[in-house]
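Summary of structural features
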Amino acid sequence: MTAWLLPENVEDVLPPQAWRMEDMRRALLDLFRSRGYQLVIPPLMEYVESLLTGVGADLDLKTFKLVDQMTGRLMGVRADITPQVARIDAHLLAANAVNRLCYAGSVLHTQSDGFHRSREPIQIGAELYGEAGADADLEILTLMLHGLAACGVEALQLDVGHVGVYRALAQEAGLSGEIEHQLFGALQAKDGSAVAVLTAGLPAVLREAFAALPQLYGDRGVLAEARARLPQLEAIAAALDTLETLDRGLSGVEAAYDLAELRGYGYHSGVVFAAYTSGRSHAIAQGGRYDEVGRVFGRARPATGFSLDLRELAIAGADKQ
């Protein structure tokens with residue numbers, strides 16, 4: 001008899017972890033509500049045209065697909081809630097100049113994100129639409145940190161980056177799509193020798209700038225070092241201004257700045273950040289700015305947010321007990 005078996009990387013949640021997750025969900029939603037964020041509950045499935053557009057384009061391989069028996073159209077089970085919230089902002093709440101929205105619900109992945117990680121994360125997060133600039137990024141980042149503290153996770157390592165730095169250098173260098181993709185991978189791996197090979201034909205100032213990116217990691221002193229070592233491009237100066245504003249606003253929080261951090265490069269347009277805790281090799285919460293997320297829904301405008309997986313957060317909290 002195998003009727004009791006579940007698919008690989010799919011599992012039940014038993015007490016007391018189920019109660020721990022529910023307590024965290026309530027604490028987070030109560031916090032979001034107190035800060036003016038309105039709860040939305042998108043459907044579990046939609047037509048794939050909505051799920052795999054904008055920020056969702058990177059999720060194609062992760063999305064379970066099925067045919068709608070009523071219309072014959074292809075549908076998908078959501079692998080991320082952010083594209084759904086972008087659709088809601090663009091159409092159902094389009095009359096509002098600014099939308100502060102939050103959500104909580106299961107998502108489903110065809111493949112897990114890592115060894116022993118669930119294919120059914122319980123995603124919870126908050127998003128701010130219609131506010132540009134570092135103050136909005138700081139609001140979201142602070143909300144994420146307060147949310148983690150409300151769940152009992154306080155010993156954190158916060159990593160912050162800005163994809164605008166690499167994007168400005170790539171544009172100045174006129175990199176082709178394939179070379180830019182390969183260089184992106186080398187920077188993510190902090191492979192200095194590969195970076196040197198891929199940039200060998202560029203002007204010296206750009207070769208030196210790309211070579212410097214993997215080395216620009218550390219405390220706030222990295223930001224001053226970046227101004228000295230990188231070209232005086234307007235987009236780079238603006239990115240560093242944003243990071244300095246965040247640093248001033250994160251009083252009492254030690255952040256590490258990583259200018260080669262390009263996670264989510266395909267859809268992030270500015271600041272990217274992730275929170276880590278001891279004993280966990282992957283981020284327990286992450287987010288950033290993605291101003292283009294609503295373009296496919298007819299309303300491209302400033303957007304920033306964060307999300308986390310309640311399953312992972314509950315495990316991290318249990319590890320601290």
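Residues numbered from 1 in each chain as written. Predicted model: local features only at pLDDT ≥ 70, side-chain atom pairs only at ≥ 80, totals over all residues. Heavy atoms only, no water.

The strand order across the open sheet formed by three strands is E2-E4-E3, and the pairing between neighbours is antiparallel. The outermost strands of the open sheet, each flanked by one partner alone, are strand E2 (45-47) and strand E3 (64-67). Neighbour-to-neighbour, the strand axes of the sheet open up by a mean angle of 35°, direction not taken into account. Pairing analysis gives four bridges linking E3 to strand E4 (residues 74-77), with the strands arranged antiparallel. (Pairing = 2+ DSSP bridges. Helix = DSSP H or I, 4+ residues; strand = E, 2+ residues; numbered from the N terminus. Axes fitted to C-alpha atoms, helices over the stretch in contact; angles between N-to-C directions.)

Counting across every chain of the model gives two aromatic pairs. Measuring from centroid to centroid gives 6.0 Å for Phe32 and Phe306, while their planes differ by 75°, and the two rings are edge-to-face. Of this pair, Phe32 sits in helix H1 (residues 17-34) while Phe306 sits in strand E12 (residues 303-309), placing them 274 residues apart in sequence. Exposure class is identical for Phe32 and Phe306. Each is buried. Ring geometry for Tyr166 versus Phe210: centroids 6.0 Å apart, planes at 70°, classification edge-to-face. (Phe/Tyr/Trp six-rings, centres within 6.5 Å; stacked < 30°, edge-to-face > 60°. Buried < 20%, exposed > 50% of the residue type's maximum accessible area, 1.4 Å probe, protein only.)

Where nonpolar side chains cluster on the molecular surface, the patch consists of Leu44, Met45 and Leu66 and spans about 230 Å² of accessible area. Mapped onto the fold, Leu66 is located in strand E3. (Patch = residues over 30% accessible without salt bridge, like charges linked within 9 Å, V, L, I, M, F, W, Y side chains within 5 Å. Areas by Shrake-Rupley, 256 points an atom, 1.4 Å probe, with all protein chains shown as cover. Salt bridge = Lys/Arg side-chain N within 4 Å of Asp/Glu carboxyl O.)

This part is about the pattern of salt bridges. The tally for this structure, following the rule as stated, stands at 20 salt bridges. Measuring nitrogen to oxygen at the nearest pair gives 3.6 Å for the salt bridge that ties Arg73 to Glu49. With Arg73 in the loop between E3 and E4 and Glu49 in helix H2 (residues 48-51), the pair connects residues that are 24 residues apart, well separated along the chain. Note that Glu312 is salt-bridged to Arg280, the shortest N-O span being 2.9 Å. Of the two residues, Glu312 is situated in helix H11 (residues 310-319) and Arg280 in the loop between strand E10 (271-277) and strand E11 (285-289); the sequence distance between them amounts to 32 residues. A residue is classified by how much of its surface remains accessible, and Arg280, at 18% relative accessible area, is buried. A network of salt bridges, in which partner residues are shared, links Glu11, Glu120 and Arg311.

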